[in-house]
Structures are given as structure tokens and as C-alpha cells.
Amino acid sequence: MTTNTTVRLGARPIGEPRHSDWIIAQEAIPEIGPGQFLVRVDMISLDPAMRGWLDDRPSYLPPVGIGDVMRAGAVGEIIASEHPQFPVGMGVQGAFGVQEFAVSDGQGVTRVDPRLGTPSMYLGVLGITGLTAYFGLFDHGKPKAGDTLVVSAAAGAVGSVVGQIGKINGCRVIGIAGGAEKCAYVTNELGFDDVIDYKNDNLREAFARTCPTGIDIYFDNVGGKILNAALGNLALNARVVICGAISQYNAETPTPGPSNYLSVLIRRATMSGFIVFDYVNQYRTAQKRLAAWVAEGRITAPETIIGGSVTDFPDVLLKLFTGDNVGKLVLDISGSRR
Ligand SMILES: NC(=O)c1ccc[n+]([C@@H]2O[C@H](COP(=O)([O-])OP(=O)(O)OC[C@H]3O[C@@H](n4cnc5c(N)ncnc54)[C@H](OP(=O)(O)O)[C@@H]3O)[C@@H](O)[C@H]2O)c1
């Protein structure tokens, strides 16, 4: 390989990102200098948050600049190094971007430890989505045995792990997912106690059926109507964890707030948001616990790994919004260079 194929942001999308919003470029493989290393990117993480990074508005990270390589978590192998702690041959995970080769100085880069899991697991259950489930549930959901825990996008990367950690901690877990097939997966494969099909069920009836004593923890990944319906079914002292709101990320007009928000007052509930990056100093401990649960068979870590090249990124990203993934969505570009 002599060139580096990159995906750069060409224009800020309005609504769903289109092909014309991206620039696919063939560039020279970057040179490294002292204290740097070169990574051959093998797998790229697809995350709903990517949509938010494309908008020019204040957020927890600066927007991706027009012309910049698209920001993305990725795993790969070091193929050249002038950094003593990152030798050639080491598997690494970091924000390497949507490109085939990336230069790094080691900031925010972690070693992929094959004793804990596979490279793709470092983008999923041992990566940002698993850690999001872990810290969001423990720090904000505060699960107790016997709690009714409801999680939306339950078959997704974060949701699948939230529900399974809830089960480990003695919660009664109800998932919300779209369509009969995903709902069957949530109960049969992930072991949730019950499931709501938000595409086909009446939400009011479904919450009454599955949560007769109310919701103690609502872990929200989707926002919108599902959040509103959950707020209308809170138990006393409920914890509402705002993790994400994928139903709103492509909205072209402002989304109205939940009309049931006064339930927070009536039910003496708390509603809190969080960003996983705030827990970076605790990642290692959480990764070890998550890896142990996977090894013991107590957590199943579903993945949807799409083989292709970096040029497939614009299409694969959209799968998150059409619900084509079960578990962690990953673009595997390792085969595109053979
Ligand atoms: N706070 C943090 O630090 C943090 C970190 C990482 C991720 N997150 C958030 O966590 C959430 C889940 O992320 P993920 O990476 O695990 O993605 P994911 O759940 O694996 O994939 C997204 C899923 O969302 C569902 N979905 C898409 N559009 C929807 C809609 N309009 N209404 C309801 N459901 C919809 C789809 O499942 P169905 O087929 O079931 O519809 C889809 O499979 C996102 O909101 C993300 O932004 C937050």
C-alpha cells in the first residue's frame, strides 16, 4: 500500500448525511516523527454520536471541521514507530479517524490486550459503548436487586450491555426495540425478562403490561416519544438516565421536550445525563470487570461487523439510524487491503 484513503467532511449535513457531504480522498501515507507511531487501521467504530459531531454547535467535543478526516474510534496495528511505549506490532485502540493509516503520539490510545478480548470488542463491550453502559447504569441508574430497569435501543451496543449488567445486579429488565426479530433476540439471546416492540406495540399498554409497579430505572438511548412514554410510567424515586437520543439526531427542526416531564416532580425522580469520557480514569477497572463477565458467559456481546473499505463508511453509518445493526456496529476494512 502506498496511499491512504481518507473520508473527510465536505459539507455539514442537513438531516440524514448524504454521499455529497463526504470527500473521499487518496493521500500519501503520513510520515512519523520523534514520539509518534503509524497505525494501520483495521476496524472502524460506527457511533450515533458521529451525527452530532457534524453539526456546528457547542457540544462536549468540538465539531468535525469542514475538510477534516471524520473523527472515529478505531482499532489497528502499529506498523512504524518512534515512540518507546508503542512498539511495532502492538494492537491499539484510539480515535484514529475514518482512514486507512493514522499517525498518533499515543494520546488517548490504549493497547488492545488479547487476554481481555478481540480487537472488535475494544470498540464494543470493552470500548466506549460497553463503558457507557457500565458507568451510566452504575453511576446514574444506581441499580438495586428487584428494581425494574427499562432500556431503549435494547438490542444495540450500549443497550444490550446495560440490560445484561442489570440482570447481573438482580434487576427485572425490560428492553425496548424495533420489530419482532430484534425483540425475540432481546429476550431469547440477551436474557431480558420482557420486551416492548416500539414499532408495533401501543406504548401505554406495553408499559402497563411489562412494568406494573412502574419503572425504577429508565436508561434512555433514543429520546422522543419513547422517553415521554417512559416518563409517564415512573415509580417513586425513579432514576432516568439520559445517555442519548438517537431518534432526534437527524431532525431538521427542534424536537419538542417531553410533555410528561412533571412526572419527575410527582414521582420524586432524578433525571441525569452523562458523558462516558468523564470516567476515563476508571476505564481500566471497568474493562476488567466487563471482560470477566464476558469470559464467564454472563454477558453476550453482540456485534454487527460489516466487511468493506473506508469508502463504505457513509453507507454503514446510516445503518444505525435504520436499525440494521444488532449490538456494536463495526466497519472491518482489514480485507480491503489484501
Ligand atoms: N452519553 C455517552 O457518553 C454516550 C456514549 C456512547 C453512546 N451514547 C448514546 O447511546 C445510544 C446508543 O448508542 P449505540 O452506539 O449503542 O447505538 P446502537 O444502539 O447500537 O444503534 C442504534 C440503535 O438505535 C435504534 N434506533 C435508531 N433510530 C431510532 C428511532 N428513531 N427510535 C428508536 N430507536 C431508534 C435502532 O434500534 P431499533 O432497531 O431497536 O430501532 C438502532 O439499532 C445513542 O443515543 C448514543 O448517542 C452515549
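Quick summary incoming for the structure in this document. (Residues numbered from 1 in each chain as written. Predicted model: local features only at pLDDT ≥ 70, side-chain atom pairs only at ≥ 80, totals over all residues. Heavy atoms only, no water.)

**A closer look at the side chain of Asp197**
Test applied: Helical segments are the DSSP runs of H or I of at least four residues, strand segments are the runs of E of at least two, and each set is numbered from the N terminus. Each residue's exposure class comes from its accessible area (1.4 Å probe, protein chains only) as a fraction of the maximum for that residue type: buried when under 20%, exposed when over 50%, partly exposed otherwise. A positive count includes Lys and Arg, and a negative count includes Asp and Glu. His and the chain ends are not counted in either. Any carboxyl oxygen of Asp or Glu within 4 Å of a side-chain nitrogen of Lys or Arg constitutes a salt bridge here. Counted as a polar contact is a pair of N or O atoms within 3.5 Å, where, for protein atoms, one must be capable of donating a hydrogen and the other of accepting one, and residues adjacent in sequence contribute only when both atoms are in side chains.
The residue Asp197 is located in strand β10 (residues 194-197) in this model. In this structure Asp197 is buried but unpaired, with Lys199 as the nearest side chain of opposite charge at 7.0 Å. For Asp197, the side chain forms a polar contact with the main-chain nitrogen of Gly179, separated by 2.9 Å. A polar side-chain atom of Asp197 sits 2.7 Å from a polar atom in the side chain of Asn200.

**Details of the pairing of strand β5 (residues 91-94)**
Put simply, the rule is: Being paired, for any two strands, means DSSP has found at least two bridges between them.
As paired strands, strand β4 (residues 74-81) and β5 are joined by four bridges and run antiparallel to one another. Counterpart to Val75 in the pairing with β5 is Gln93. Strand direction decides the pairing type here: β5 and strand β7 (residues 110-111), joined by two bridges, are antiparallel. When the bridges of β7 are listed, Val92 appears paired with Arg111.

**Comments concerning the environment of Gly33**
Mapped onto the elements, Gly33 comes out in the loop between β2 (22-28) and β3 (37-45). By relative accessible area, Gly33 is classed as buried at 17%. When the C-alpha positions of Gly33 and Val7 are compared, they lie 23 Å apart, and in sequence the two are 26 residues distant.

**Quick word on the site of the ligand**
Let me state the cut-off plainly: In this text, near means that some heavy atom of the residue lies within 4 Å of the molecule or strand in question. Methods summary: accessible areas were calculated by the Shrake-Rupley approach with a probe of 1.4 Å, and residue burial reflects only the protein chains presented. Gly counts as polar in this scheme, as do all residues outside two lists: the nonpolar Ala, Val, Leu, Ile, Met, Phe, Trp, Tyr, Cys and Pro, and the charged Asp, Glu, Lys and Arg.
Around the ligand, a shell composed of 27 residues is seen, among which Val158, Lys182, Tyr198, Tyr249 and Asn325 lie nearest. Contact distances for the ligand include 2.5 Å between an oxygen atom and a side-chain N or O atom of Tyr198. One of the side-chain N or O atoms of Tyr249 is found 2.8 Å from an oxygen atom in the ligand. Expressed as a share of its isolated accessible area of 920 Å², the protein-covered part of the ligand is 90%. Mapped onto the shell around the ligand, the elements with two or more residues apiece are α2 (128-141), α3 (157-168) and α9 (313-322). Here the residues of the shell around the ligand sort into 16 nonpolar, 10 polar and one charged.

**Describing the side chain of Gln93**
Note the following rule: Only heavy atoms matter for contacts: two residues are in contact if any of them lie within 4.5 Å across the pair.
Mapped onto the elements, Gln93 comes out in strand β5. On the accessibility criterion, Gln93 (15% relative accessible area) is buried. Not counting residues within four places of it along the chain, the set of residues in contact with Gln93 comprises Ala74, Val75, Gly108, Val109, Thr110, Val112, Tyr122 and Leu123.

**Observations concerning the sheet that holds strand β9 (residues 172-177)**
Hydrogen bonds along the backbone pair up the strands of a sheet, which may run parallel or antiparallel. We apply this condition: Here, axes are lines fitted to C-alpha atoms. For helices the fit covers the stretch in contact, and angles between N-to-C directions go from 0 to 180 degrees.
Read from one edge of the open sheet, six strands run β10-β9-β8-β11-β12-β13, paired in parallel fashion. Two strands close off the open sheet at either side, each with one partner strand: β10 and β13 (270-273). Ignoring strand direction, the axes of neighbouring strands in this sheet form an average angle of 15 degrees. The pairing of strand β8 (residues 148-151) with β9 spans four bridges and is classified as parallel. Counterpart to Leu149 in the pairing with β9 is Val173. Seen against the sheet, α2 touches β8, β11 (215-220), β12 (234-242) and β13 and runs at an angle of roughly 145 degrees to β11. On the sheet, helix α5 (residues 203-210) packs against β8, β9, β10 and β11 and is oriented at approximately 175 degrees with respect to β10.

**Let's talk about the pattern of salt bridges**
A complete count under the given rule lists 13 salt bridges for this structure. The residue Asp147 makes a salt bridge to Lys144 at a minimum N-O spacing of 3.6 Å. The salt bridge involving Lys167 is made with Asp193; its shortest N-O contact spans 2.9 Å. A residue pair is termed long-range when its members are at least 10 positions apart, and Lys167 in helix α3 and Asp193 in the loop between α4 (180-188) and β10 qualify at 26 residues. A relative accessible area of 31% means that Lys167 is categorised as partly exposed.

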